[in-house]
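Here is what each chain is made of, one letter per residue.
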Amino acid sequence: SNDMTSESNMQYGITAHIWMPRTNEKMYFRTGLILTKVDFSGEKCNFKIPCHFEYIYPTGTFRPRFAYGLNFYKLRKISSSFNLGFNLQLNENVFISATSDVEFNTTMLIIPNSFFSYSLQLGMVFDF
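For clarity, every value in this text was computed on a predicted model and none was experimentally measured.

*Asks:* Any details on the overall build of the protein? Residues and values, ideally.
*Replies:* Tallying secondary structure elements over the protein gives zero helices and seven strands in all. When the helices and strands of the protein are placed in sequence order, the string is β-β-β-β-β-β-β. Here the protein has a C-alpha radius of gyration of 15 Å; the compact-globule value for 128 residues is 14 Å, and the two agree. The dimensions of the protein, computed from C-alpha atoms along their principal axes, are 45 × 30 × 20 Å. Within the protein, the fraction of its 128 residues that count as buried is 33%. Considering only contacts within the protein whose residues lie at least 6 apart along the sequence, 41% involve residues at least 24 apart.

So this is what it looks like as structure tokens:
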């Protein structure tokens, strides 16, 4: 069952994509802090922490991205998340990013069970 109220809200935050070259040259661990306003049946939550494994195509101006992982809300609510998006290269180290994120309530922490939320994320990527 879905215990989140139906409403739209803006999210702001910062994420880090940590390169995992020993696993695969194209794999990243993505985490960060996203400020949001979510109401879980009367309990307010104002942030989430994504923990995703992400594949980013390594070359070209247009670089598709795919990710799967967990989102932690106040460390009490956990959702699983599928992400699909792309990075568009502006110069050597700067990209525009667009990602579609579909979240699910989970069974056994990682198995998607029922729809939880949908978001569209737009941002800038700085490659260090």
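*Asks:* Any details on the environment of Leu88? Residues and values, ideally.
*Replies:* Checked against the element boundaries, Leu88 lands in strand β5 (residues 77-89). With 18 residues separating them along the chain, Leu88 and Leu70 place their C-alpha atoms 25 Å apart.

*Asks:* Give a detailed account of the side chain of Glu103, specifying residues and quantitative values.
*Replies:* Mapped onto the fold, Glu103 is located in strand β6 (residues 94-107). A distance of 3.0 Å separates polar atoms of two side chains, one belonging to Glu103 and the other to Tyr73. When near neighbours in sequence (up to four residues on either side) are disregarded, Glu103 contacts Lys48, Asn71, Tyr73, Ser79, Ser80, Ser81, Phe115, Phe116 and Ser117.

*Asks:* How would you summarise the side chain of Ser81 if you had to cite specific residues and measurements?
*Replies:* Considering the arrangement of structural elements, one finds Ser81 in strand β5. Judged by its relative accessible area of 0%, Ser81 falls in the buried class. Within the local environment of Ser81, its side chain forms a polar contact with the side chain of Asn83, the two groups lying 3.3 Å apart. Among the polar contacts made by the side chain of Ser81, one reaches the side chain of Asp101 at a distance of 2.2 Å. Dropping the residues within four chain positions of it, Ser81 is found in contact with His52, Ala67, Tyr68, Gly69, Asn71, Asp101, Val102 and Glu103.

*Asks:* Go over the packing of aromatic side chains, please, and point to the residues and values.
*Replies:* This structure, assessed with the given rule, holds six aromatic pairs. Seen in terms of ring centroids, Phe104 and Phe115 are 6.5 Å apart; in terms of plane orientation they differ by 85°. Their pairing is edge-to-face. Taken together, the positions of Phe104 in strand β6 and Phe115 in strand β7 (residues 111-126) put the pair eleven residues apart, joining distant regions of the chain. In this structure an aromatic cluster arises from ring pairing among Tyr68, Phe82, Phe104 and Phe115.

*Asks:* I'd like to hear about the pairing of β5, residue by residue, with values.
*Replies:* With twelve bridges connecting them, strand β4 (residues 62-73) and β5 associate as antiparallel partners. Among the inter-strand pairings, Tyr73 is bridged to a residue of β5, identified as Lys77. Connecting β5 to the next strand, β6, in antiparallel fashion are four residues.

*Asks:* Outline the pairing of strand β3 (residues 43-56), supporting the account with residue identities and numerical values.
*Replies:* Here β3 runs beside β4; their pairing, made up of nine bridges, is antiparallel. When the sheet's bridge partners are listed, Pro50 is paired in β4 with Asn71. Hairpin connection, β3 to β4: the antiparallel pair is bridged by five residues, and Gly60 has positive phi, about 100°.

How each quantity is defined
Residues numbered from 1 in each chain as written. Predicted model: local features only at pLDDT ≥ 70, side-chain atom pairs only at ≥ 80, totals over all residues. Heavy atoms only, no water. Helix = DSSP H or I, 4+ residues; strand = E, 2+ residues; numbered from the N terminus. Rg over C-alpha atoms; globule rule 2.2 N^0.38 Å. Buried < 20%, exposed > 50% of the residue type's maximum accessible area, 1.4 Å probe, protein only. Contact = heavy atoms within 4.5 Å. Polar contact = N/O pair within 3.5 Å; in protein donor to acceptor, adjacent residues only side chain to side chain. Phe/Tyr/Trp six-rings, centres within 6.5 Å; stacked < 30°, edge-to-face > 60°. Pairing = 2+ DSSP bridges.

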